[in-house]
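# Architecture at a glance
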Protein chains: 2
Amino acid sequence: MSRPTLEEHAPVQGYDPRTGEPVGAPVPATRPDEVGRVCDELAAAAARWAQTSDERRARALEAVADLLDAHVDELAALADSETALGLPRLTGEVARTTGQLRLFAEVLRDGGYRDVVIEPAGQGRPDLRRTRRPTGLVAVFAASNFPFAFSVAGGDTASALAAGCPVVVKAHEAHPRTSVRTAELVTRALAEAGAPPVFGIVHGFAAGVALVEHPGVTGVGFTGSTRGGLALARLCGARPVPIPFYGELGSVNPVVVLPGAARRRGEELALGYATSLTQGVGQFCTNPGLMFVPEDEALLAALTEAVAASTGGPMLSRRMHAAYRAAVTELRAHPHTRLLAEGRPADGPWGATPAVFAVAAADFDAATEFFAQERFGPVGVVVTGGGPQEAADRVARGEGKLTVTVQLDVDDPDDVAAARPVVHAASLRAGRLVVNGWPTGLAVTRAQHHGGPYPASTSPAHTSVGAAAIDRWTVPVVYQDCPVELLPDALR
Amino acid sequence: MSRPTLEEHAPVQGYDPRTGEPVGAPVPATRPDEVGRVCDELAAAAARWAQTSDERRARALEAVADLLDAHVDELAALADSETALGLPRLTGEVARTTGQLRLFAEVLRDGGYRDVVIEPAGQGRPDLRRTRRPTGLVAVFAASNFPFAFSVAGGDTASALAAGCPVVVKAHEAHPRTSVRTAELVTRALAEAGAPPVFGIVHGFAAGVALVEHPGVTGVGFTGSTRGGLALARLCGARPVPIPFYGELGSVNPVVVLPGAARRRGEELALGYATSLTQGVGQFCTNPGLMFVPEDEALLAALTEAVAASTGGPMLSRRMHAAYRAAVTELRAHPHTRLLAEGRPADGPWGATPAVFAVAAADFDAATEFFAQERFGPVGVVVTGGGPQEAADRVARGEGKLTVTVQLDVDDPDDVAAARPVVHAASLRAGRLVVNGWPTGLAVTRAQHHGGPYPASTSPAHTSVGAAAIDRWTVPVVYQDCPVELLPDALR
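Here the structure is a predicted model, which means the values were calculated and not measured.

Analysis parameters
- Residues numbered from 1 in each chain as written.
- Chains lettered and ligands numbered in written order.
- Predicted model: local features only at pLDDT ≥ 70, side-chain atom pairs only at ≥ 80, totals over all residues.
- Heavy atoms only, no water.
- Helix = DSSP H or I, 4+ residues; strand = E, 2+ residues; numbered from the N terminus.
- Buried < 20%, exposed > 50% of the residue type's maximum accessible area, 1.4 Å probe, protein only.
- Contact = heavy atoms within 4.5 Å.
- Lys, Arg positive; Asp, Glu negative; His and termini not counted.
- Charge placed at Lys NZ, Arg CZ, Asp CG, Glu CD.
- Salt bridge = Lys/Arg side-chain N within 4 Å of Asp/Glu carboxyl O.
- Buried area = accessible area lost by both parts, 1.4 Å probe.
- Axes fitted to C-alpha atoms, helices over the stretch in contact; angles between N-to-C directions.
- Parallel < 35°, antiparallel > 145°, perpendicular 65-115°, else oblique.
- Left-handed = near helix turned anticlockwise from the far one by under 90°.
- Domains from an automatic or database assignment.
- Polar contact = N/O pair within 3.5 Å; in protein donor to acceptor, adjacent residues only side chain to side chain.

## Details of the overall build of chain A
For chain A, the helix and strand inventory stands at 16 helices and 19 strands. Along the first, second and third principal axes, the C-alpha atoms of chain A reach 75 × 65 × 40 Å. Within chain A, buried positions represent 62% of all 492 residues. For chain A, the share of sequence-separated contacts (at least 6 apart) that also reach a separation of at least 24 residues comes to 77%. Between the mean site of the 44 positive side-chain charges and the mean site of the 54 negative ones, chain A shows a separation of 4 Å.

Structure (structure tokens):
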């Protein structure tokens, strides 16, 4: 990553995606020296937070959840003005975010996250007792497409605070005022709950670089583009003391439709696909941008109809909209694509119209890199023909993915048999296999895993969603022959 | 890391550290295309190995252990000719190595390593079932100082094979013939146990670079120098598909002696220290190179006596010996050190004589970077004076460490109170706290953790020793609403 330019120190201006006009005054970029001050202050409080009991940390997380819930209407309206994602979605996202905070409160009360192993002395072995401790100050890079759930008070922040780590969030440029307001509420709730200063926020590209380079930072959580993530990952590795980088970078999320499912519930599949593809204007990392279907005229007709009935919307930023437009233009111009359908156009300067292109399996195979690339927005590629085994092979080749979905008729033995290689390929190349559902929509639970081979994740052993996300912010320590009175409580 | 030079493609010659003379014929360096061939072959067998049952993988590991045990005398003698570590130590190290293999067989039969979480559908949630799968081909870089336990069939290899990953070992240049012979036995035992081709070995610096850059490799285990490890870590991060690098790079391992312990068992401490410092000619990553002691004339006298009675030995390589000599010369020349004692000199061109230097606490603080650096070999720095709180502060500053040791009199309330800040500092800056023992000697068990903040480990959440070492070679996968007949056995 090159050094920040002057422009990258500029104030951060939010825009209304429906009009392209500025929303309110710009938020000043955080100067690198101010980033240093914030990090120093929070790093100094790390020991106090680490020693705060699980119960008190749980209550602090719940206090944050309660205060955000109490401001849900204000927050959703503010985020809608900066993201145009709509009040129903944003109201739901605040609930998901506070649900995440409460899940981590439960995780703390359960205590299993400490992974305690006690091995008494014997057979020449010493007494060994292992637990996990928080790593220290964590940097969180917020995402553009989830102004709450993957942003200021999102899963990275919740899991790191739960682990006992202070957090500095680098706000995303796409929703600066939402970020500022959320941060105010988080700060107030933590203070009222009696927490030491363990939360901060910084704005602007240069501040993000300064944050990753601060010596007090012990790990980074990131959700965003492959390019930005890789640059930050390399900054993490080039520090005098390298630190782990937990990045969720990008994913195409293939869906494989098996013949029995296509025959039996083609219309339902077409509607489900169009809904999943266009939800949030297609701006999900789990967006089903690539679908493999059998040569089935009825299914293709249903897909055409469902996509044509779908609705677009304004994209989150001018840059994303430009990238989306370029992607659609490129697909349209390709000699081997056929435009299956376009949805209803969206108003406004950043409006995106859903568009789905069909390509024959042989043509896909001849230009896989082009067709299988991630395209942000409501644009899909449907690969027609070729058998289920070939679809499985295509899933097995290609980059790591967050999800693979298979649609089958569970009562059709041919479909069940055909699903096997797809499920196997998915288990090797994705973090989550979805059967007869859609990849968008991610349960935040204990069993969840949101990750996968690179570029889905830069750290494929870790999840950024669900209870296990806390593991990124703790490390083991083992006590050998330590007298009980010197052991931490969890090991006594 | 720059591209390999011609010299780095040269055959690998082992030497007898007692004489500096070559041992046998050189082992040809593995050409990069041959590295590619080996990796391709093993990567192709990855799926078969991953699908081999836990029980059959366990038996394969036990077969390796049995065959190595059956050749313990031959192996120890061969390793002694290349390392001069002595037959008792090397015989014991073979047993430790086969014990590790058998521990991982147990881990497989226990099955807990799969970390299965099953969450039935409910409250709008889908059915989610999570387990872990092997990542694929693993590269292991052997260490110089453990020709068995951290080498061809060592803990990295055992844990990766157990996880279901094929392994290619980059042999260490310090014991090529031991590596070749061990590899022959491992290959034979695996074949006889019916395993697919899942083990390979390569030789030479250039082969190591080709190995890390091979697209089929999914992770790297490394034990060695900070410089070499960092270079490999950056290669891993710069690949088109970055992969995790699990490196144990280096550590000073501070020992804090509290006043009560010094008074009550000064002689025992002095003897224990001298033994730990000079064991294996001081060539352990857990070597207690730095010790903080109170101003206690009797203890210093005992230390002087114990070190003077200790014995040196030949170091593993010409380069290590040169580095050791330079370190001792530098310490001797420093205006603020006092030579406390030298041990009995060792014969031969690479012989190292134990040497321990004393430095006053204030002088240590004025030049911490110099005094607290890792020095490989039987050379120690003893910091005298300053209270236990200051010693704790010194432990808390400074680099990450594999271990911190505290020596206290458990019946002395002052010692117990003084130990608290040391234990706390240790818990933040080291992977293992040792009470009233010595850091060398590492139990290979379920609770063990061998790691710590950088540079002790490049991946401080992971251990390279003990049952949890297997976690480095598996990643989670979650199955959403998957019919039972399509689930892996572990999730049914």
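## Brief notes about the pattern of salt bridges
Per the counting criterion, the structure on display carries 56 salt bridges over all chains. Two residues, A:R332 and A:E342, come together in a salt bridge whose shortest N-O distance is 2.9 Å. Taken together, the positions of A:R332 in helix α12 (residues 318–333) and A:E342 in strand β13 (residues 337–342) put the pair ten residues apart, joining distant regions of the chain. The exposure class assigned to A:E342 is partly exposed, which follows from its relative accessible area of 34%. Two residues, B:E55 and B:R59, come together in a salt bridge whose shortest N-O distance is 2.9 Å. Highlighted residues: B:E55 and B:R59, both in helix α2 (residues 54–70), separated by four residues, approximately one helical turn. On the basis of relative accessibility, which here comes to 29%, the residue B:E55 falls in the partly exposed class. On the basis of relative accessibility, which here comes to 52%, the residue B:R59 falls in the exposed class. Through salt bridges with shared partners, a single ionic network connects A:E55, A:R59, A:E62 and A:R109.

## With respect to the interface of chain B and chain A
Residue-level contacts link 56 residues of chain B with 56 residues of chain A. At the boundary of chain B with chain A, total buried surface from both sides reaches about 4,700 Å², with 61% on carbon and sulfur atoms. Per-residue buried area on chain B facing chain A is highest for B:A447, B:Q480 and B:L486; these three make up 13% of the total on that side. Seen at the junction of chain B and chain A, the total is zero salt bridges.

## Here's the deal with the packing of helix α4 (residues 87–110) of chain B against helix α5 (residues 155–163) of chain B
Each pair of packed helices gets described by two things: the angle between the helix axes and the distance between those axes. Residues and elements named next belong to chain B. Across the interface, α4 lies against α5 with an axial gap of 9 Å and an inter-helix angle of 25 degrees. As summarised for this structure, α4 and α5 are arranged roughly parallel, according to the angle between their axes. Between α4 and α5 lies a crossing of right-handed hand. Side by side, α4 and α5 meet where Q100, L101, F104 and L108 of the first sit next to G155, A158, S159 and A162 of the second.

## A few points about the domain arrangement of chain A
Residue and element names in this part refer to chain A. Domain boundaries assigned for chain A yield domain 1 (6–249 + 457–491) and domain 2 (255–435). In this structure, domain 1 and domain 2 have C-alpha centres spaced 33 Å apart. Contacts between domain 1 and domain 2 engage 15 residues on the former and 15 residues on the latter. Buried area between domain 1 and domain 2, both sides added, is near 1,200 Å², and the carbon and sulfur share of it is 66%. By the criterion of area lost to domain 2, the three top residues of domain 1 are P17, N145 and E248, representing 35% of everything that side buries. Here domain 1 is connected to domain 2 by zero salt bridges. Linking domain 1 to domain 2 there are one residue pair in polar contact (both at pLDDT 80 or more).

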